[in-house]
Amino acid sequence: MTAEVRLAVDVMSGDHGLRSSIPAAVRAVDADPELSLTLVGDQALITAALGRTHNSRLSLLPASATVAMDASPLDVLRDSSDNPLRIGLDAVAAGSAAGMVSAGNTGALMVLARQALGMLPGFSRPALCSALPVSNGHSYMLDLGANVDCRAAQLHEFARLGIALVSALHADATPAVALLSNGHEATKGNDQIRLCYQYLQDDPEVNFIGSIEANELLSGNAAVVVCDGMLGNIALKAMEGTAAHAARRLESQLGSSLAARLAAKLLTGPLASWRTTIDPASYSGAFMLGLNGVVVKSHGHSDGDSFANAIAQTALCVRNKMVPTLQQHFKVDAAETRLF
């Protein structure tokens with residue numbers, strides 16, 4: 001039996017706003033009878049979008065303002081208006097919601113989350129972390145865009161966060177950790193990557209397997225892949241674009257002749273499974289690790305399927321006690337003092 005969970009959901013943000021978030025919210029509670037959602041945003045617009053949908057596990061929390069996708073995070077932090085990000089995060093901080101999911105402005109979400117929830121001891125900034133669609137086992141990559149420029153010490157922090165996450169979600173106490181670089185040698189990468197290589201190699205609590213290149217990301221050899229936000233975001237979007245391109249090319253080929261169409265009918269089941277495996281919607285949602293609370297960032301261009309999956313992932317984090325496990329894991333750690 002799954003535990004009852006209530007989440008705050010920013011339904012106003014993202015490229016599609018209410019057009020994707022409301023159907024996603026309805027789908028999420030229909031699929032999970034122990035899930036309740038607090039929909040944060042413009043009350044009139046949410047009510048109109050819900051239409052005749054009535055579910056006691058969907059409630060509304062008004063927010064009078066919105067945050068533009070290109071808004072400056074510092075401007076949003078200084079602004080005291082009641083936007084969905086601030087209201088939702090305050091609900092998590094107050095305990096009326098166990099976690100929050102948003103497809104909104106990443107930088108604004110990060111700075112407001114730090115303000116509302118605080119950081120785990122010894123960590124300076126949250127890191128975006130998401131599962132990779134590996135063929136076997138589990139693999140998580142961080143950072144995926146929250147921190148574009150990272151010092152080696154921050155990359156080391158990301159490794160420790162990733163290890164704790166895998167321990168919490170998969171009971172794997174010594175996951176293999178790799179550093180994303182442009183070669184396997186310790187001398188590859190920029191100054192910070194090379195220095196981080198040394199930090200990870202010298203840390204007895206890290207099962208460091210060395211550097212990996214981008215073409216190895218889906219091999220499943222590493223349970224945790226560490227990188228800065230620039231590399232991570234580019235790598236993730238390149239994989240998503242490649243998957244979408246492969247799917248389009250396959251569909252074109254399968255419709256190119258009678259023989260191909262007949263073959264497609266015979267392979268309906270395997271092809272459907274393959275599409276699900278490579279579909280970015282199946283992996284939508286990145287955890288903001290390092291915060292004293294569960295916050296999940298969905299893609300800005302999330303459709304209903306993507307956003308529903310992000311909601312489900314947020315509930316999974318809560319049920320697996322991700323944040324209490326991280327708090328316990330790091331409660332005796334001292335603050336990071338390295339400058340590089």
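Read on for a plain summary of the structure. A quick note: this is a predicted structure, and the numbers were derived from the prediction, not measured.

This brings us to the sheet that holds strand 9 (residues 224-226). In spatial order, the strands read 3-2-1-4-11-10-5-6-9-7-8; together these 11 strands make up an open sheet with mixed pairing. Two strands in the sheet have a free side with no partner beyond their single neighbour: strand 3 (58-62) and strand 8 (207-212). Going across the sheet, the axis of each strand differs from the next one's by a mean of 25°, ignoring polarity. Bridge analysis of strand 5 (residues 127-131) against strand 6 (residues 140-142) gives three bridges, and the strand direction is antiparallel. Across the sheet, Ala-131 pairs through a bridge with Tyr-140, a residue of strand 6. Each of strand 2 (35-41) and strand 3 touches helix 2 (residues 43-50); the most contacted strand, strand 3, lies at about 155° to it.

Pairing of strand 2 with strand 3, which is carried by five bridges, proceeds in the parallel orientation. Of the residues in strand 3, the one forming a bridge with Leu-37 is Leu-58. Read from strand 2 through helix 2 to strand 3, the crossover connection turns out right-handed.

Under the criterion given, the structure shown has four salt bridges. Its salt-bridge partner being Asp-32, residue Arg-319 comes within 2.7 Å of it at the nearest N-O pair. Taken together, the residues Arg-319 in helix 11 (residues 304-319) and Asp-32 in the loop between helix 1 (18-31) and strand 2 connect sequence positions 287 residues apart. Of the residues examined, Arg-319 reaches a relative accessible area of 21% and is grouped as partly exposed. The partner of Arg-194 in a salt bridge is Asp-191, with the nearest N and O atoms 2.4 Å apart. In this pair, Arg-194 and Asp-191 both sit in helix 7 (residues 191-202), three residues apart, roughly one turn of the helix. When its relative accessible area of 53% is taken as the criterion, Asp-191 is described as exposed.

Core analysis: the biggest nonpolar cluster contains 103 residues, and Leu-37 and Leu-39 have the highest contact counts within it. Ranked by residues supplied to this core, first place goes to helix 6 (residues 152-170) with 10 residues. Aside from chain neighbours lying at most four places away, what touches Leu-39 is Val-9, Val-11, Ile-22, Ala-25, Ile-46, Leu-50, Leu-58, Ser-59, Leu-60 and Leu-61.

Cut-offs used in this document
Residues numbered from 1 in each chain as written. Predicted model: local features only at pLDDT ≥ 70, side-chain atom pairs only at ≥ 80, totals over all residues. Heavy atoms only, no water. Pairing = 2+ DSSP bridges. Helix = DSSP H or I, 4+ residues; strand = E, 2+ residues; numbered from the N terminus. Axes fitted to C-alpha atoms, helices over the stretch in contact; angles between N-to-C directions. Contact = heavy atoms within 4.5 Å. Right-handed = clockwise from strand over helix to strand, strands pointing away. Salt bridge = Lys/Arg side-chain N within 4 Å of Asp/Glu carboxyl O. Buried < 20%, exposed > 50% of the residue type's maximum accessible area, 1.4 Å probe, protein only. Core = buried A, V, L, I, M, F, W, Y, C linked by side-chain atoms within 4.5 Å.

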